[in-house]
Amino acid sequence: MRWLCKFFKGTGCRVSNGRHSHLIGGESLLHRPVKPVDDQSKDANEDLDHANALSLAEDAKKPNAPGYKGQGIDDDELAKAIQESLSMPSYQPYQPAQFLPRGYRICGGCHHEIGYGHYLSCMGTFWHPQCFRCYACGQLIHETEIPTNRAGLIEYRAHPFWGQKYCPSHEHDHTPRCCSCERMESRYTRYIYLGEGRSLCLECLESAIMDAGDCQPLYHSIRDYYEGMNMRIDQQIPMLLVERQALNEAMEGEKYGHHHMPETRGLCLSEEQTVSSIHKRPRIGGNKILDMRTHPQKLIRKCEVTAILVLYGLPRLLTGSILAHELMHGWLRLKGYRDLSPEVEEGICQVLSHMWLESEIMPGSTNVPSSSSFARSSSSPMSSSKKAAKSDTEKKLGEFFMHQIAHDTSTAYGEGFRAANAAVNKYGLRPTLDHIRFTGAFPV
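The structure contained in this document is the topic of the report that follows.

**Section: the overall build of the protein**
The helix and strand inventory of the protein stands at 11 helices and 19 strands. Expressed as a percentage of its 444 residues, the buried residues of the protein come to 42%. Within the protein, residue pairs in contact and separated by at least 24 positions form 62% of the contacts whose partners lie at least 6 positions apart. Accessible area for the protein stands at about 23,500 Å²; split by element, carbon and sulfur atoms hold 50% of it.

**Section: the nonpolar core**
Of all hydrophobic cores here, the largest spans 80 residues; its most connected members are Y226, L309, L323, M328, I348 and L429. In this view, L323 contacts C215, L218, Y219, I222, M239, I308 and V310; residues no more than four positions away in its chain are not counted.

**Observations concerning the packing of helix α4 (residues 212-228) against helix α7 (residues 342-361)**
Two elements in contact, α4 and α7, have axes whose closest approach is 12 Å; the angle formed by their N-to-C orientations is 105°. The pairing of α4 with α7 is recorded here as roughly perpendicular in orientation. Along the contact surface, α4 presents L218, I222, Y225 and Y226, while α7 presents L352, M355, W356 and S359. Along the lines of polarity and charge, the residues of the contact of α4 with α7 split into seven nonpolar, one polar and no charged.

**A few points about the packing of aromatic side chains**
Geometrically, a pair of aromatic rings is defined through the distance of the ring centres and the angle of the planes. All told, the structure shown has five aromatic pairs when counted by the stated rule. Taken together, a centroid distance of 4.8 Å and an interplanar angle of 85° make the contact between F161 and W162 edge-to-face. Between W162 and F400 the ring centres are 5.4 Å apart and the planes differ by 40°, which places this aromatic pair in the tilted class. Linking W162 in the loop between β7 (153-158) and β8 (165-166) with F400 in helix α9 (residues 392-406), this pair joins segments that are 238 residues apart in sequence.

**So, the pairing of strand β13 (residues 266-269)**
Burial along β13 is two-sided: G266 and C268 facing one way and L267 and L269 facing the other are all buried. Alignment of β13 against strand β18 (residues 307-311), held across four bridges, turns out to be antiparallel. Residue pairing in the sheet places L269 in a bridge with A307 of β18.

**What to know about the pattern of salt bridges**
This structure, assessed with the given rule, holds 10 salt bridges. The partner of R232 in a salt bridge is D234, and the shortest N-O contact between them spans 2.6 Å. Judged by its relative accessible area of 45%, R232 is partly exposed. Linking E360 and R316 is a salt bridge whose minimum nitrogen-to-oxygen distance equals 3.1 Å. Placement of the pair is E360 in helix α7 and R316 in helix α6 (residues 316-334), with a sequence separation of 44 residues. Under the relative-accessibility criterion, E360 is labelled buried at 2%. On the accessibility criterion, R316 (22% relative accessible area) is partly exposed. Each of E227, R232 and D234 takes part in one network of salt bridges that share partners.

**What about the sheet that holds β13?**
Read across the sheet, three strands follow the order β12-β18-β13 without closing on themselves; strand pairing throughout is mixed. The two strands at the open ends of the sheet, each matched to only one other strand, are β12 (239-242) and β13. Along the sheet, successive strands turn relative to each other by an average axial angle of 20°, direction set aside. Relative to β12, α4 is tilted by about 135°, and along the sheet it contacts β12 and β18. Packed onto the sheet, α6 meets β12, β13 and β18 and runs at close to 20° relative to β13.

**A short note on the packing of α6 against α9**
For the pair α6 and α9, the least separation of the axes is 9 Å and the interaxial angle reads 35°. Classified by chirality, the crossing of α9 by α6 is right-handed. For the pair α6 and α9, the contacting residues are R316, L317 and L318 in the first and E394, G398 and F401 in the second. Across the contact of α6 with α9, the residue classes break down as three nonpolar, one polar and two charged.

**Describing α4**
Look at α4: 24 Å from first C-alpha to last across 17 residues, which is about the 24 Å you get at 1.5 Å a residue. Along α4, the positions that sit buried rather than exposed are C215, L218, Y219, S221, I222, R223, Y225, Y226 and G228. Positioned one or two residues after α4, N230 has a phi angle of 60°, which is positive.

The rules behind the values
Residues numbered from 1 in each chain as written. Predicted model: local features only at pLDDT ≥ 70, side-chain atom pairs only at ≥ 80, totals over all residues. Heavy atoms only, no water. Helix = DSSP H or I, 4+ residues; strand = E, 2+ residues; numbered from the N terminus. Buried < 20%, exposed > 50% of the residue type's maximum accessible area, 1.4 Å probe, protein only. Contact = heavy atoms within 4.5 Å. Areas by Shrake-Rupley, 256 points an atom, 1.4 Å probe, with all protein chains shown as cover. Core = buried A, V, L, I, M, F, W, Y, C linked by side-chain atoms within 4.5 Å. Axes fitted to C-alpha atoms, helices over the stretch in contact; angles between N-to-C directions. Parallel < 35°, antiparallel > 145°, perpendicular 65-115°, else oblique. Nonpolar A, V, L, I, M, F, W, Y, C, P; charged D, E, K, R; others polar. Phe/Tyr/Trp six-rings, centres within 6.5 Å; stacked < 30°, edge-to-face > 60°. Pairing = 2+ DSSP bridges. Salt bridge = Lys/Arg side-chain N within 4 Å of Asp/Glu carboxyl O. Left-handed = near helix turned anticlockwise from the far one by under 90°. Expected span 1.5 Å × (residues − 1).

Written out as structure tokens, the structure reads:
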């Protein structure tokens, strides 16, 4: 998980004498209200009129000035001259360089127009100061609410994909984050606690896979997706939905030893084991899971792959991407790919996971990278015409899961994916797989 750290000047840089505080990097943050142009012009006109009148009165006192008569001044003539001077356009009126159209500044918080007054420019948009708040606790991100750090700067966090802002304190105060999308729980909503330290936001809960019965149709559709790419898996590989503890225990008993992420969500088993799987969909009550029922299942090795295990409680698209990844591990083992490095094996498995997500949220798109061209050109039963329409929420989640794969910083999963994806984009999926079989590496 990667978080962006932002700073802006605090108590020592309040607005005064027209000076603005700034974000590190030069982005202007706090702006004072500008006096309306009409008021500025009105004040300027009055000042100029008064100055002209005084100047004319002084000139009239000079010996060579019009209207001078010895030691005295003709009051009528002087008044007439002053009146004529005031009516003449003796100066150029103030012309503003640019008018900002209505709607030019829209607040990123309340989405209303920002008129006259203080405003912030940050994270690529504008904000009312009262709208720039922590997503989790609702506190203003301001020096009166968040203490400055040692450098005298106000510090906050922002998620690299969702852009939600957080107080630094929530990094350590156990504020729940969704185990699927990483968004932090806000004071306005309560997440569902799945147990084992995992929480699920309500948006991810809408499509969450909670038992094996929910998952079987998805599992078979992904097997069909593989078949549509001429990568048919003939063996009937069991698929189990499990809790985190059962997944960790199965991973410890696995002798194959391929690389795993820090938080494992899926596993392709090659050894015989007894695994506790979810037997029945649990109930949800009081923001937590109730009546979780599991039963032990003895897994018998009939081929190179014993079973595929997936963590329960994740939304459909994330569960599907995990299944696509683990099925690729299974396909490689069944087809005789041996002794691959973690970067090569995990990288090509991540490519299949990314391709499946792409086919789900962008079916029929002409902008799909060439890594999916093999799948699009095939006669896959999972064609775009047969897929149910995705909601905007589910599409955004799918984009986030693709973003996670593409921007992973780990060597095996992140660098491996980028190397594999570059090879597939350049040569195609099948030639890349053939090259891996003979050389154990990606073509360059």
